[in-house]
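Here is what each chain is made of, one letter per residue.
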Amino acid sequence: MIDMKIDQYHLTSDKYEVKVNRMSLDSHGHPVTSYDEKSGINRLVEVPLAHCKNVEDALHWLRGYLNPDWQ
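Residue numbering note: each chain is counted from 1, following its sequence as written. The model is predicted, so local features are restricted to residues of pLDDT at least 70 and side-chain atom pairs to those at 80 or more, both for listing and for counting; the totals for chains, interfaces and linings are taken over all residues. Heavy atoms from the whole structure form the basis of all side-chain values; hydrogens and water molecules are not counted.

Asks: Explanation requested: the side chain of Asn-21 in the structure shown.
Replies: Helix numbering and strand numbering both begin at the N terminus, where a helix is a DSSP run of H or I of at least 4 residues and a strand a DSSP run of E of at least 2. As for its placement among the helices and strands, Asn-21 is situated in strand 3 (residues 18-23). Here Glu-46 takes part through its side chain, which lies 3.4 Å from a polar atom of the side chain of Asn-21. Ignoring anything within four residues of it in the chain, the contact list for Asn-21 reads Gln-8, Tyr-9, His-10, Thr-12, Glu-46, Val-47, Pro-48 and Leu-49. Any pair of nitrogen or oxygen atoms within 3.5 Å is treated as a polar contact; in protein, a donor-acceptor pairing is required on top of that, and neighbouring residues in sequence qualify only through side-chain atoms on both sides. Residues are treated as being in contact if the distance between any of their heavy atoms lies within 4.5 Å.

If you want it as structure tokens, here you go:
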């Protein structure tokens, strides 16, 4: 399982895929969380950007997303 943060981007995985999300940040650059009453857990406020088959593809996708002119 992967749980990697790169600036405001968050990569997580399960046994099937790697998800790339963009975290919401507060004015100090810290991740914004939301309390989930059902589970009792603070969760990151994120926007899904991509679903990839492995970490290499996710990092490649993120590099292209951040640098559109990169090939």
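Asks: Looking at this structure, how should I read the pairing of strand 2 (residues 9-13)?
Replies: Residues in a regular strand point their side chains to alternate faces of the sheet. Burial classes: relative accessible area under 20% of the type maximum marks a residue as buried, over 50% as exposed, and values in between as partly exposed (1.4 Å probe, protein chains only). With four of five residues buried, strand 2 is to be regarded as a mostly interior element. The pairing of strand 2 with strand 3 spans five bridges and is classified as antiparallel. From the neighbouring strand, Tyr-9 faces strand 3, where its bridge partner is Arg-22. What makes two strands pair is DSSP finding at least two bridges between them. Linking strand 2 back to strand 3 in an antiparallel pair, the connection comprises four residues.

Asks: Can you help me understand the nonpolar core in this one?
Replies: One recurring pattern in soluble globular proteins: nonpolar side chains tend to sit buried together. Side-chain atoms within 4.5 Å link the members of a nonpolar core, which is a set of buried Ala, Val, Leu, Ile, Met, Phe, Trp, Tyr and Cys residues. Core analysis: the biggest nonpolar cluster contains eight residues, these being Tyr-9, Leu-11, Val-18, Val-20, Ala-50, Cys-52, Ala-58 and Leu-62. If you list the elements that add at least two residues to this core, you get strand 2, strand 3, strand 6 (46-52) and helix 1 (55-66). In contact with Ala-58, not counting residues within four places along its chain, are Leu-11, Val-18, Val-20 and Cys-52.

Asks: Hey, could you run me through the pattern of salt bridges in this one?
Replies: Pairing of side chains with opposite charge becomes possible as their charged atoms draw close. For salt bridges, the criterion is a side-chain nitrogen of Lys or Arg within 4 Å of an Asp or Glu carboxyl oxygen. Overall, the coordinates contain two salt bridges when judged by the stated rule. With its nearest N and O atoms 3.2 Å apart, the salt bridge here joins Asp-36 to Arg-43. Overall, Asp-36 belongs to the partly exposed group, its relative accessible area being 25%. Residue Arg-43 is classed as partly exposed on the basis of its relative accessible area, which comes to 41%.

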